[in-house]
Amino acid sequence: MMDKRTFLKSAALASLAPSVLAQTEAFPSRPIKLICPASAGIAIDACARYFAGKLAAKVGVPVNVENMPGAGGLLGFNAAARAKPDGYTLIFAGIPIYLLPLFQKEASSMFDPIKSFTPVARVCYVPVSFAVSAESTIHTMGDLVDQMKAKGGRIRYGSQGLGSTQHICSAVLNVATNTKAEHVLYKAASSGVIDVVANRIDFMCLSPTVWIPLKEAGKVRVLAVTGAQRQTLFPDVPTTTEAGFPDVDVKSQFDFMAPAGTPTSVVRVLEAALIEAGNSEDFKEWANKQMFLRGTLRSTELDQLRRKENDYWRRVVAQMPQ
């Protein structure tokens with residue numbers, strides 16, 4: 001028969017069991033949410049969905065992509081920064097993680113590019129490309145710059161928000177060439193693409209992936225692509241350096257981030273799966289079709305580099321006209 005002391009000890013252990021199990025529960029044991037702070041159908045969304053599938057297959061639970069494009073991605077970063085740091089909410093980040101707090105006052109009060117997030121892994125880079133409607137009178141980057149100079153800021157370009165990749169790429173062109181252009185804001189980049197095709201805005205700067213089907217259909221003209229060399233899918237499109245604008249070499253990075261305070265043990269599980277996927281032959285083949293640039297970084301490597309990148313973009317923005 002169990003004596004009173006043994007009974008009380010067993011009861012105490014039983015009451016602790018749920019919390020102990022929660023602390024030692026293997027990760028992951030339920031679906032993971034991956035926030036994509038951009039609209040569906042553009043490069044970061046395509047890449048997020050590719051890696052979500054690979055991550056799910058590796059860790060054994062669904063990884064669900066949730067698009068949150070509002071305010072240039074601010075809604076997504078805010079949601080990720082405030083999520084519980086348990087590894088079940090991640091964000092797929094590009095350049096805007098550094099830029100949004102520099103362009104939007106409300107962003108700086110919502111999250112800090114460094115303090116609010118724990119780096120998990122960098123999976124690749126993506127070049128950007130300038131495109132105009134096939135109906136446009138602009139045929140080269142030189143034509144674009146000449147028209148911006150001649151029309152004194154009446155050339156219009158689109159982006160999904162202040163601090164977005166589309167915004168900074170076009171703004172860097174203006175800084176490099178001492179020109180001006182009118183910035184047209186869209187809730188989603190896809191709306192800007194529609195207006196480029198219809199020749200309602202003059203140009204837009206996006207991942208080459210977006211322009212592939214439109215270029216093939218004869219609906220847009222791609223003027224230049226960033227990066228060290230021409231893309232195999234765009235053999236007739238010069239790099240920005242070849243076009244005469246070497247200072248306009250903007251590339252974005254695609255990083256997995258978790259809320260600050262996410263346990264190292266959890267980060268390691270996610271990091272291992274993502275690095276394996278990013279270094280695979282399958283991704284090499286897929287990335288070539290998307291015109292992405294391969295290049296993985298582990299959590300500790302990314303942590304060091306992201307601080308340098310944050311400082312770099314602060315300097316770039318400081319040089320832009322207010």
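Residues numbered from 1 in each chain as written. Predicted model: local features only at pLDDT ≥ 70, side-chain atom pairs only at ≥ 80, totals over all residues. Heavy atoms only, no water.

**Here we look at the state of the cysteines**
Line of reasoning, step 1. The final tally for this structure, using the stated rule, is one disulfide.
Line of reasoning, step 2. C169 shares a disulfide with C205; S-S distance 2.3 Å. Negative torsions about the S-S bond denote left-handed disulfides, and the value of about 50 degrees found for C169 with C205 makes this one right-handed. In this pair, C169 is assigned in helix 7 (residues 165–177) and C205 in strand 8 (residues 203–206), connecting sequence segments 36 residues apart.
Line of reasoning, step 3. Since its relative accessible area comes to 0%, C169 is described here as buried.
Line of reasoning, step 4. Residue classification places C205 among the buried residues on the basis of a relative accessible area of 0%.
Line of reasoning, step 5. C36 takes part in no disulfide bond, and the closest cysteine sulfur to it belongs to C47, at a distance of 9.4 Å.
Line of reasoning, step 6. C124 carries a free sulfur, and the closest cysteine sulfur to it, the one in C47, is 3.7 Å from it. (Disulfide = S-S within 2.5 Å. Helix = DSSP H or I, 4+ residues; strand = E, 2+ residues; numbered from the N terminus. Buried < 20%, exposed > 50% of the residue type's maximum accessible area, 1.4 Å probe, protein only.)

**Here we look at the sheet that holds strand 4 (residues 117–127)**
Line of reasoning, step 1. Sheet architecture is open: six strands sit in the order 2-1-3-10-4-11, paired in mixed fashion. Sheet topology places strand 2 (63–67) and strand 11 (293–298) at the edges, where each strand pairs with a single neighbour. Averaged over neighbouring strand pairs, the angle between their axes works out to 20 degrees when direction is ignored.
Line of reasoning, step 2. Two strands pair when backbone bridges link them, and strand 4 and strand 11 are joined in this way by four bridges, in the antiparallel orientation. Bridge pairing links Y125 to L293 in strand 11.
Line of reasoning, step 3. Sitting on the sheet, helix 3 (residues 74–81) is in contact with strand 1 (32–36), strand 3 (89–93), strand 4 and strand 10 (251–259), with an inclination near 145 degrees to strand 3. (Pairing = 2+ DSSP bridges. Axes fitted to C-alpha atoms, helices over the stretch in contact; angles between N-to-C directions. Contact = heavy atoms within 4.5 Å.)

**Some points on helix 6 (residues 141–151)**
An α-helix turns once per 3.6 residues; consequently, residues spaced three or four apart project the same way.
Line of reasoning, step 1. Within helix 6, the full set of buried residues consists of M141, L144, V145, Q147 and M148. Taken down its axis, helix 6 places every buried residue within 160 degrees of arc, on the same side. Helix 6 presents K149 and A150 as exposed residues on the side facing more than 90 degrees away from its buried surface.
Line of reasoning, step 2. Considering only its buried residues, helix 6 is in contact with strand 5 (129–133), helix 7, strand 8 and strand 9 (220–225).
Line of reasoning, step 3. The residue sitting at the N-terminus of helix 6 and contributing the capping side-chain oxygen is T140; that oxygen lies 3.3 Å from the backbone nitrogen of G142.
Line of reasoning, step 4. Looking one or two residues beyond helix 6, the residue adopting positive phi is G152, at roughly 55 degrees. (Arc of directions from axis to C-beta. Polar contact = N/O pair within 3.5 Å; in protein donor to acceptor, adjacent residues only side chain to side chain.)

**Regarding the side chain of T165**
Line of reasoning, step 1. You can see T165 is positioned in helix 7.
Line of reasoning, step 2. Sequence-distant contacts of T165, that is, excluding residues within four places in its chain, are made with I95, P96, V128 and S252.

**Thoughts on the sheet that holds strand 9**
Line of reasoning, step 1. Pairing is mixed across the open sheet formed by five strands, whose spatial order is 7-6-8-5-9. Two strands lie at the open edges of the sheet, namely strand 7 (182–185) and strand 9, each paired on one side alone. On average, each strand axis in the sheet is inclined to that of its neighbour by 30 degrees, with strand direction left out of account.
Line of reasoning, step 2. With two bridges connecting them, strand 6 (residues 156–159) and strand 8 associate as parallel partners. Bridged to G158 within strand 8 is M204.
Line of reasoning, step 3. Sheet strands touched by helix 6: strand 5, strand 8 and strand 9. Its angle to strand 9, the strand with the most contacts, is close to 95 degrees.

**Side note on the pairing of strand 1**
Line of reasoning, step 1. By the criterion of burial, strand 1 is predominantly enclosed, with four of the five residues buried.
Line of reasoning, step 2. Note that strand 1 and strand 2 share five bridges and pair parallel. By the bridge assignment for strand 2, L34 is matched with V65.
Line of reasoning, step 3. For strand 1 and strand 3, the ladder comprises three bridges, and the chain directions are parallel. Paired with K33 across the strands is T89, a residue of strand 3.

**Concerning the pattern of salt bridges**
Line of reasoning, step 1. A full pass over the atoms with the stated rule returns 17 salt bridges.
Line of reasoning, step 2. As a salt-bridge pair, D195 and R200 come within 2.7 Å of each other at their nearest N and O atoms.
Line of reasoning, step 3. R200 gets classed as partly exposed once you look at its relative accessible area, which sits at 47%.
Line of reasoning, step 4. Between E285 and K289 there is a salt bridge, with the nearest N and O atoms lying 3.7 Å from each other. One end of the pair, E285, and the other, K289, are both in helix 11 (residues 281–290), four residues apart, so they sit about a helical turn from each other.
Line of reasoning, step 5. By relative accessible area, which is 49% here, E285 ends up partly exposed.
Line of reasoning, step 6. Three or more residues joined by partner-sharing salt bridges are found here, namely R122, D255 and E309. (Salt bridge = Lys/Arg side-chain N within 4 Å of Asp/Glu carboxyl O.)

**Here we look at the packing of helix 8 (residues 189–197) against helix 9 (residues 208–216)**
Line of reasoning, step 1. In contact at an axis separation of 12 Å, helix 8 and helix 9 are set at 35 degrees when each is read in the N-to-C sense. As helix 8 packs across helix 9, the resulting crossing turns out to be right-handed. Within the contact between the two elements, helix 8 uses V193, V196 and V197 and helix 9 uses V210, W211 and L214.
Line of reasoning, step 2. Tallied by class, the residues present in the contact of helix 8 with helix 9 amount to six nonpolar, no polar and no charged. (Left-handed = near helix turned anticlockwise from the far one by under 90°. Nonpolar A, V, L, I, M, F, W, Y, C, P; charged D, E, K, R; others polar.)

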